[in-house]
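Results of the structural survey
Here is how the chains run, residue by residue.
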Amino acid sequence: MRTGSKHNLSIVAAYFLIYVVWGSTYYFIGVALQGFPTFLLGLFRFFVAGIVLLALCALRREKVFRLRLIQRSAVSGIILLFVDMAVIMLAQRYVSSSLVAIVASSTAIWIMLFDVPMWKTNFRSMRTISGLLLGFAGVAMLYMEQLSGETEMHLHREYGILLLIGGCISWAVGSLYAKYRSSAEEEVNGFAGSAWQMLFASVMFGLCACVFDDFSKVEWKEISLSSWLALAYLIVFGSLLAYSAYVWLLKVRPATEVATHAYVNPVVAVVIGGGLGGEDVTRIQLLGLAVILVSVMLVNRQKRTKRNETYDRTGGAGTPV
């Protein structure tokens, strides 16, 4: 019982990290970007987090330099972290941040569509399907007023939307790859896979920073303390804790359930934007928040089949670390 209770507590803590902490990063990314160019921010964030996490894994005597672990982490890190975030940066040249949030929330639906081993469970449950569709509608309600007030300044919206859809598919495929293909390596190596994923993503961000000459754009003396603190928050809470929690949850819970973070994150972003950013929260946004919460409850409280129970007993595709 003690082991089971400890495991359940770890799951609750991990969901808190990917729901609340990841949702708060919307605000802190905005603060950090006031001082750092986009690709340089990605380089610093994931390189520091990856190095620190890899060092911690080495201190725990985990086998961090296994070739198969590094190879699979390279694939999932580039697809999961780099492609998705780079696509969002590029898409915002064509569409508003409101539309970005709405399209990005479709990640939960893409994960359900691509999670072939769980098709029988997911598509047999009307509760799960209804919850995912409700969540998408709730996110749309959060940003409906911003969308209705947009001008025609985005001349190539279709390009931005296609980029975003590609990014969502990339995140979904990367998540499922990390869940099913790298499970055995993660079982042996704990969180070392997450560390390598962040390091490979940082390499890609570094290459882009060189291509777009981000280093010459930085006025180091002009970077404010708030931007440095925001970067530190993203490293510690957004990457070291929340991303590691996400990768671990993919192994111990159904991917469709974990993907509900795509609905909750905008909720947290709106709440923090209203609290710290002084933004107005309207009635339709509050209704959207309620719809999203209902959708998450529907997905997370779906009736457990024997397959779902297996996730709890065995730790999903791998064993909890």
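These remarks concern the structure in this document.

Reading the values: rules and limits
Residues numbered from 1 in each chain as written. Predicted model: local features only at pLDDT ≥ 70, side-chain atom pairs only at ≥ 80, totals over all residues. Heavy atoms only, no water. Helix = DSSP H or I, 4+ residues; strand = E, 2+ residues; numbered from the N terminus. Buried < 20%, exposed > 50% of the residue type's maximum accessible area, 1.4 Å probe, protein only. Areas by Shrake-Rupley, 256 points an atom, 1.4 Å probe, with all protein chains shown as cover. Core = buried A, V, L, I, M, F, W, Y, C linked by side-chain atoms within 4.5 Å. Contact = heavy atoms within 4.5 Å. Salt bridge = Lys/Arg side-chain N within 4 Å of Asp/Glu carboxyl O. Axes fitted to C-alpha atoms, helices over the stretch in contact; angles between N-to-C directions. Parallel < 35°, antiparallel > 145°, perpendicular 65-115°, else oblique. Left-handed = near helix turned anticlockwise from the far one by under 90°. Patch = residues over 30% accessible without salt bridge, like charges linked within 9 Å, V, L, I, M, F, W, Y side chains within 5 Å. Disulfide = S-S within 2.5 Å. Phe/Tyr/Trp six-rings, centres within 6.5 Å; stacked < 30°, edge-to-face > 60°.

**A closer look at the overall build of the protein**
- The helix and strand inventory of the protein stands at 17 helices and zero strands.
- Relative to its full complement of 321 residues, the protein shows a buried share of 52%.
- For the protein, the computed accessible surface area is about 15,400 Å², with 67% contributed by carbon and sulfur atoms.

**Quick notes on the nonpolar core**
- Ile18, Tyr243, Tyr246 and Leu249 are the most contacted members of the largest nonpolar core, which has 77 residues in total.
- Residue contributions to this core peak at 15 residues, all from helix α13 (residues 225-252).
- The contacts of Ile18, once residues within four sequence positions are left out, are Ala242, Ala245, Tyr246, Leu249, Val258, His261 and Asn265.

**What to know about the pattern of salt bridges**
- One pass over the full model with this rule turns up three salt bridges.
- As a salt-bridge pair, Glu62 and Arg60 come within 3.3 Å of each other at their nearest N and O atoms.
- Here Arg60 falls in the exposed class, since its relative accessible area comes to 54%.
- For Arg253, the salt bridge goes to Glu257, with nearest N and O atoms at 3.0 Å.
- When its relative accessible area of 6% is taken as the criterion, Arg253 is described as buried.

**Examining the packing of helix α2 (residues 38-59) against helix α11 (residues 192-211)**
- Contact pair α2 / α11: the axes reach a minimum separation of 7 Å and the direction vectors enclose 155 degrees. What the angle tells us is that α2 and α11 run roughly antiparallel. In this structure, α2 meets α11 at a crossing whose hand is left-handed. Within the contact between the two elements, α2 uses Phe39, Leu40, Gly42, Leu43, Phe46, Phe47, Ala49, Gly50, Ile51, Leu53, Leu54 and Cys57 and α11 uses Ala192, Ser194, Ala195, Trp196, Met198, Leu199, Ser202, Phe205, Gly206, Cys208 and Ala209.

**Concerning the environment of Leu80**
- By the element assignment, Leu80 lies in helix α3 (residues 67-91).
- Residue classification places Leu80 among the buried residues on the basis of a relative accessible area of 0%.
- Put simply, Leu80 and Met198 are 118 residues apart on the chain and 9.5 Å apart in space, counted from C-alpha to C-alpha.
- If we ignore the near neighbours within four places in the chain, the residues touching Leu80 are Trp171, Gly174, Ser175, Ala178, Gln197, Tyr243 and Tyr246.

**What to know about the environment of Ile109**
- Residue placement: Ile109 occurs in helix α5 (residues 107-114).
- Residues Ile109 and Ile129, 20 residues apart in the sequence, show an inter-C-alpha distance of 8.7 Å.
- In contact with Ile109, not counting residues within four places along its chain, are Leu132, Leu133, Phe136 and Tyr263.

**Concerning unusual backbone geometry**
- Of note in this structure, Arg61 is not a glycine but carries a positive phi near 65 degrees.
- The class of Arg61 is exposed, set by a relative accessible area of 76%.
- For Asp213, which is not glycine, the phi dihedral falls at a positive 55 degrees.
- Considering the arrangement of structural elements, one finds Asp213 in the loop between α11 and α12 (214-217).

**Comments concerning a nonpolar patch on the surface**
- There is a patch of nonpolar side chains on the surface, built from Phe47, Val48, Ile51, Val52, Leu56 and Leu59 and spanning about 530 Å² of accessible area.
- Topologically, Leu56 is positioned in helix α2.
- Taking relative accessible area as the criterion, Leu56 reaches 44% and is therefore assigned partly exposed.

**A short note on the state of the cysteines**
- Going through the model one piece at a time under the given rule, you end up with zero disulfides.
- In this structure Cys210 is not part of a disulfide, and its nearest cysteine sulfur, from Cys208, lies 9.2 Å away.
- Look at Cys210 and you get exposed, because its relative accessible area is 53%.

**Brief notes about the packing of aromatic side chains**
- One pass over the full model with this rule turns up 17 aromatic pairs.
- Seen from their ring centres, Phe39 and Phe205 are 6.3 Å apart, and the 45 degrees between their planes marks the pair as tilted. Placement of the pair is Phe39 in helix α2 and Phe205 in helix α11, with a sequence separation of 166 residues.
- The interplanar angle of 25 degrees and the centroid separation of 5.8 Å between the aromatic rings of Trp110 and Phe114 together place this pair among those described as stacked.

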